[in-house]
Amino acid sequence: MTAVVKLQVLERAEKEIMKLSRTDIGAVYEFMHKFRANPDQPGLDLKSLRGDTRLMAARVKRDLRALMLHIGERDYLLVGVEHRSAVYADLDRYAYRINRITGGIEVMDLHPIDTQPVGDSIVGRALADQPEQTALFAAHTDAQLVELGVAEPLLPLIRQLTSEDELLELVDRAPQLTVDVLFALFDGKSEQEVLEQVTQPVQATEVVDIDDFEAAVRRPATPVTTDDEALNFMLAESFERWQIFLHPTQRRLVERRYSGPARVGGGPGTGKTIVALHRVAHLVENLAPGDDKAVLLTTFNRNLAADLRTRLVALAGEKVLARVDVVNIDRVAARVVAEGDPAAPKRKVDDNQAPQLWRKFLAAEVPETEWDADFLAAEWEQVILGQALSTRADYSRARRPYRGRNLNRVERNQVWELAERFTRWLTAQDLTTWRQVAVRAAALQGAQAAAGEFRYQHVVVDEAQDLSAAHWRMLRAMVPAGSDDMFLTGDTHQRIYDNQVTLGSLGINIRGRSSRLTLSYRTTRQILAAALEIMSGEVYDDLDGGSEDLAGYRSLLRGARPRFYGASDWAAELNLIAEQLADWSMPQDGSVAVSLPTRELANEVITRLTADGIATVEIGPDGPKRADGVHVGTMHRFKGLEYQKVIIAGVTDGFVPRHMINRYRDSDPKRFQRERQRDRSLLFVAATRARDELAIFWHGSPSPFLTDRQIQAGTPERP
């Protein structure tokens with residue numbers, strides 16, 4: 001046999017390969033090429049196992065064997081790489097099935113790769129049939145578990161699970177859906193909730209034939225890779241797993257055809273950005289030939305946009321990037337204004353400077369006014385600019401959601417007149433805010449759309465919760481309405497900017513096309529539990545007039561419990577930071593970061609650590625300035641970043657939440673609540689940047705966002 005055969009690699013095998021030595025990894029890659037060229041060459045020693053015509057083994061090197069399923073006549077699936085003795089000594093340990101729910105191929109090793117004696121292992125107890133404690137899943141029958149998607153061969157082992165540690169031991173060798181279902185049940189979800197949140201999103205859309213392996217290998221529930229270049233990168237350890245494989249839930253969202261705008265939500269670390277990047281690559285693959293940038297990939301801030309560009313190149317290559325415009329949303333707006341209105345003001349200032357500019361304007365132009373500068377700045381930004389109101393009549397009729405103070409017609413006339421004068425005052429100084437730029441860009445782009453002129457065929461937005469109404473109007477006008485026109489990912493629990501919108505009112509109807517991811521790949525269960533505790537008691541919107549929660553949000557990773565410490569003053573807290581870094585063996589390889597609520601506190605931490613001889617790297621608007629050192633920055637700068645270990649310091653009442661928002665408590669209660677929610681979200685974002693360990697410090701009075709249990713936690717022992 002000399003014809004080239006098809007050899008695909010199952011995700012389970014990829015995990016095993018990456019655990020091998022570099023020499024063995026190279027041997028596996030060489031084996032793949034030889035096998036594809038001629039699987040029958042004598043050196044490969046291809047043979048069936050235990051008389052099974054489908055389960056086969058082949059020689060990788062003297063002591064290493066590739067375990068494969070024979071899918072079709074010229075089609076093989078690499079499902080594992082094992083030591084020779086493990087392959088032939090205990091053949092009954094291997095089980096493979098097509099899952100009745102997902103239709104995907106599942107391969108299981110029923111013998112754990114474990115250093116503990118068999119008699120003390122899960123399997124040992126299963127064989128002895130001697131459960132020591134109450135079984136975790138005693139309340140669920142085998143039939144119920146199978147209906148939820150649990151792999152049937154694992155049921156005897158599952159029946160013997162009595163602790164979370166034993167459940168975690170099952171993770172590396174159980175199929176993904178089995179793991180998802182068991183952890184959801186373990187976390188207290190009802191069978192109906194698990195069915196709706198975990199099982200149904202990955203359920204096959206067609207009737208599953210459990211004997212048709214050729215159909216099964218083509219389904220998203222069988223995560224495989226076939227591309228030689230991707231395999232090369234993977235085996236060279238320069239390709240992250242997220243760049244190759246998608247969870248079946250994610251893949252379905254990526255490859256689905258939508259009849260209009262679609263949105264994917266989910267908590268931190270659930271893979272929303274990964275889905276957005278794969279969605280871009282999928283859209284480009286289906287474009288007609290050309291050299292135009294037909295797809296826009298955008299997000300709110302610059303460092304995230306730069307990161308998206310880097311990751312897209314790593315995922316899909318320069319060829320895909322050539323068809324994609326990757327740029328942050330304010331730069332998109334500035335480009336539109338520069339092209340359509342060359343006379344527009346050139347000096348742009350951040351929107352957070354608007355209150356200060358209003359104070360200067362009022363002092364210079366209207367010194368006797370009784371209007372408050374902060375109120376006027378918020379009314380101008382959120383209502384007049386937020387709704388792109390162009391006339392006094394429009395403003396007099398406008399709804400003012402999220403605004404605490406009611407205005408009568410006379411007061412609205414006064415505010416409108418002041419807003420017009422303020423705008424002229426800015427223009428005279430050649431100044432404009434980014435929100436003004438967005439409003440102008442929306443108007444200019446809207447005129448082009450009315451003339452049938454559009455800039456893109458598809459728009460993909462990451463961190464959608466951070467965009468303003470004007471941004472959405474501009475984007476809506478950039479792409480013709482239709483199938484797959486707009487794809488949005490985001491989480492309103494991570495909204496750290498004052499932009500609250502209802503997409504339906506802006507011509508972006510996502511009803512019936514919203515999905516949610518619930519499995520976190522970034523952080524441990526312990527850190528996730530602490531972060532969710534911080535968010536308790538708040539209600540968040542879903543970008544379309546409804547509410548959204550984090551129900552079903554979970555992690556399969558395990559680590560140390562977060563540490564909570566209070567200090568008497570800031571100097572003592574600085575000592576705590578230094579001591580925590582020392583306890584973590586002072587890593588200076590970019591794996592550890594310190595997050596602070598203000599730039600002043602961040603600068604003081606940098607000064608202190610530098611004086612201690614610790615290399616520190618500031619996190620700026622474009623991200624960390626270097627990859628090494630201990631990274632230090634404000635909470636706002638941590639959006640889109642992740643670290644192995646994170647210290648959040650200065651979590652003190654007055655800093656978190658900011659003391660200045662108390663001025664709105666009585667005068668503008670709605671704004672007070674909104675600002676308080678933003679600060680809570682900021683702490684949530686910072687906490688969920690940590691993958692393995694988290695420490696939260698404060699001095700004086702702790703933040704009210706921390707619960708009594710967290711404040712009183714002291715120094716918990718590691719689990």
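How each quantity is defined
Residues numbered from 1 in each chain as written. Predicted model: local features only at pLDDT ≥ 70, side-chain atom pairs only at ≥ 80, totals over all residues. Heavy atoms only, no water. Helix = DSSP H or I, 4+ residues; strand = E, 2+ residues; numbered from the N terminus. Buried < 20%, exposed > 50% of the residue type's maximum accessible area, 1.4 Å probe, protein only. Contact = heavy atoms within 4.5 Å. Axes fitted to C-alpha atoms, helices over the stretch in contact; angles between N-to-C directions. Parallel < 35°, antiparallel > 145°, perpendicular 65-115°, else oblique. Nonpolar A, V, L, I, M, F, W, Y, C, P; charged D, E, K, R; others polar. Salt bridge = Lys/Arg side-chain N within 4 Å of Asp/Glu carboxyl O. Core = buried A, V, L, I, M, F, W, Y, C linked by side-chain atoms within 4.5 Å. Patch = residues over 30% accessible without salt bridge, like charges linked within 9 Å, V, L, I, M, F, W, Y side chains within 5 Å. Areas by Shrake-Rupley, 256 points an atom, 1.4 Å probe, with all protein chains shown as cover. Lys, Arg positive; Asp, Glu negative; His and termini not counted. Charge placed at Lys NZ, Arg CZ, Asp CG, Glu CD. Pairing = 2+ DSSP bridges. Phe/Tyr/Trp six-rings, centres within 6.5 Å; stacked < 30°, edge-to-face > 60°. Lys NZ or Arg CZ within 6 Å of the ring centre and 35° of its normal.

**A closer look at the overall build of the protein chain**
- Counting its regular elements, the protein chain contains 28 helices and 27 strands.
- For the protein chain, with 719 residues in total, the buried portion stands at 57%.
- In the protein chain, the share of contacts with a sequence separation of at least 24, taken over all contacts with a separation of at least 6, comes to 74%.

**Considerations on the packing of helix α18 (residues 373–385) against helix α20 (residues 409–428)**
- As a packed pair, α18 and α20 sit with axes 11 Å apart at the nearest point and diverge in direction by 90°. Considering their axes alone, α18 and α20 lie roughly perpendicular with respect to each other. Contacts from Leu376, Glu379, Trp380 and Ile384 in α18 reach Val415, Trp416, Leu418, Ala419, Phe422, Thr423 and Leu426 in α20.
- For the contact of α18 with α20, the residue count by class is 9 nonpolar, 1 polar and 1 charged.

**Concerning the pattern of salt bridges**
- Scanning the model with the defined rule gives 37 salt bridges in all.
- A salt bridge links Glu152 to Arg100; its shortest N-O distance comes to 3.1 Å. In this pair, Glu152 is assigned in the loop between α5 (142–148) and α6 (155–158) and Arg100 in the loop between β6 (94–98) and β7 (105–109), connecting sequence segments 52 residues apart.
- We classify Glu152 as partly exposed; its relative accessible area is 35%.
- Residues Glu379 and Arg400 are paired through a salt bridge, measuring 2.7 Å at the closest nitrogen-oxygen approach. Residue Glu379 is located in helix α18, and its partner Arg400 is located in the loop between α19 (392–397) and α20; the two are separated by 21 residues in the primary sequence. Taken individually, Glu379 and Arg400 each receive the classification buried, so the pair is uniform in this respect.
- Overlapping salt bridges bring together Arg658, Arg671, Glu675, Arg678 and Asp679 as one network.

**Some points on the nonpolar core**
- Membership of the largest hydrophobic core comes to 34 residues, with the highest contact counts inside it found for Trp472, Met474, Leu475 and Leu488.
- Secondary structure elements with two or more residues in this core: α16 (329–340), α21 (434–450), β14 (458–461), α22 (469–476) and β15 (486–489).
- In terms of residue count, α16 provides more of this core than any other element does, 6 residues in total.
- The residues touching Leu475, leaving out its near neighbours within four places in the chain, are Leu296, Thr298, Ile329, Val459, Val461, Leu467 and Met486.

**Comments concerning a negative patch on the surface**
- Negative charge collects at one region of the surface, where Asp209, Asp211, Asp212 and Glu214 lie side by side.
- With respect to the helices, strands and loops of the structure, Asp211 is situated in the loop between α9 (191–199) and α10 (213–216).
- Judged by its relative accessible area of 58%, Asp211 is exposed.

**Thoughts on the environment of Pro223**
- Note that Pro223 resides in the loop between α10 and β8 (224–225).
- With relative accessibility at 11%, the residue Pro223 sits in the buried group.
- For the pair Pro223 and Arg12, spaced 211 residues apart in the sequence, the C-alpha separation amounts to 8.8 Å.

**Focus: the sheet that holds strand β26 (residues 643–648)**
- The sheet built from 7 strands is open, its strands ordered β21-β27-β26-β22-β25-β23-β24 with mixed pairing. Looking at the sheet topology across the chains shown, the edges are occupied by β21 (563–567) and β24 (623–624).
- Pairing between strand β22 (residues 589–596) and β26: 4 bridges, direction parallel. Across the sheet, the residue bridging to Ala593 is Val646, located in β26.
- The sheet strands contacting helix α25 (residues 599–611) are β22, β23 (616–620) and β25 (629–634), and the helix crosses β25 at an angle near 160°.

**With respect to the packing of aromatic side chains**
- Applying the stated criterion across every chain, the model contains 15 aromatic pairs.
- A ring pair is formed by Trp358 and Trp380, whose centres lie 6.2 Å apart and whose planes are at 70°; its orientation type is edge-to-face. In this pair, Trp358 is assigned in helix α17 (residues 354–365) and Trp380 in helix α18, connecting sequence segments 22 residues apart.
- When its relative accessible area of 2% is taken as the criterion, Trp380 is described as buried.
- Their ring planes at 65° and their centres at 5.5 Å tell us that Phe361 and Phe422 sit as a pair that is edge-to-face. Of this pair, Phe361 sits in helix α17 while Phe422 sits in helix α20, placing them 61 residues apart in sequence.
- Classification of Phe361 as buried rests on a relative accessible area of 1%.
- Overall, the relative accessible area of 0% leaves Phe422 in the buried class.
- Across from the ring centre of Tyr395, 5.7 Å away, lies the NZ or CZ of Arg412, which sits over that ring.

**Structural notes on the pairing of β6**
- By the criterion of burial, β6 is predominantly enclosed, with 4 of the 5 residues buried.
- The turn joining β6 and β7, which pair antiparallel and follow one another in sequence, is formed by 6 residues; a positive phi near 80° is taken by Gly103.

**What to know about the sheet that holds β15**
- In spatial order, the strands read β11-β10-β14-β15-β9-β16; together these 6 strands make up an open sheet with parallel pairing. Because the sheet does not close on itself, it has two edges, and the strands there are β11 (324–326) and β16 (514–517). Here the strands of the sheet are splayed against their neighbours by 15° on average, with no regard to which way each runs.
- Bridge count for strand β9 (residues 262–266) against β16 is 4 bridges, and the pairing is parallel. Along β16, the bridge assignment pairs Arg263 with Ser514.
- Sheet contacts for helix α12 (residues 248–255): β9, β15 and β16; angle to β16, the most-contacted strand, approximately 155°.
- Across the face of the sheet, α22 comes into contact with β10 (295–298), β14 and β15 while running at roughly 150° to β15.

So yeah, pure geometry; function would need other evidence.
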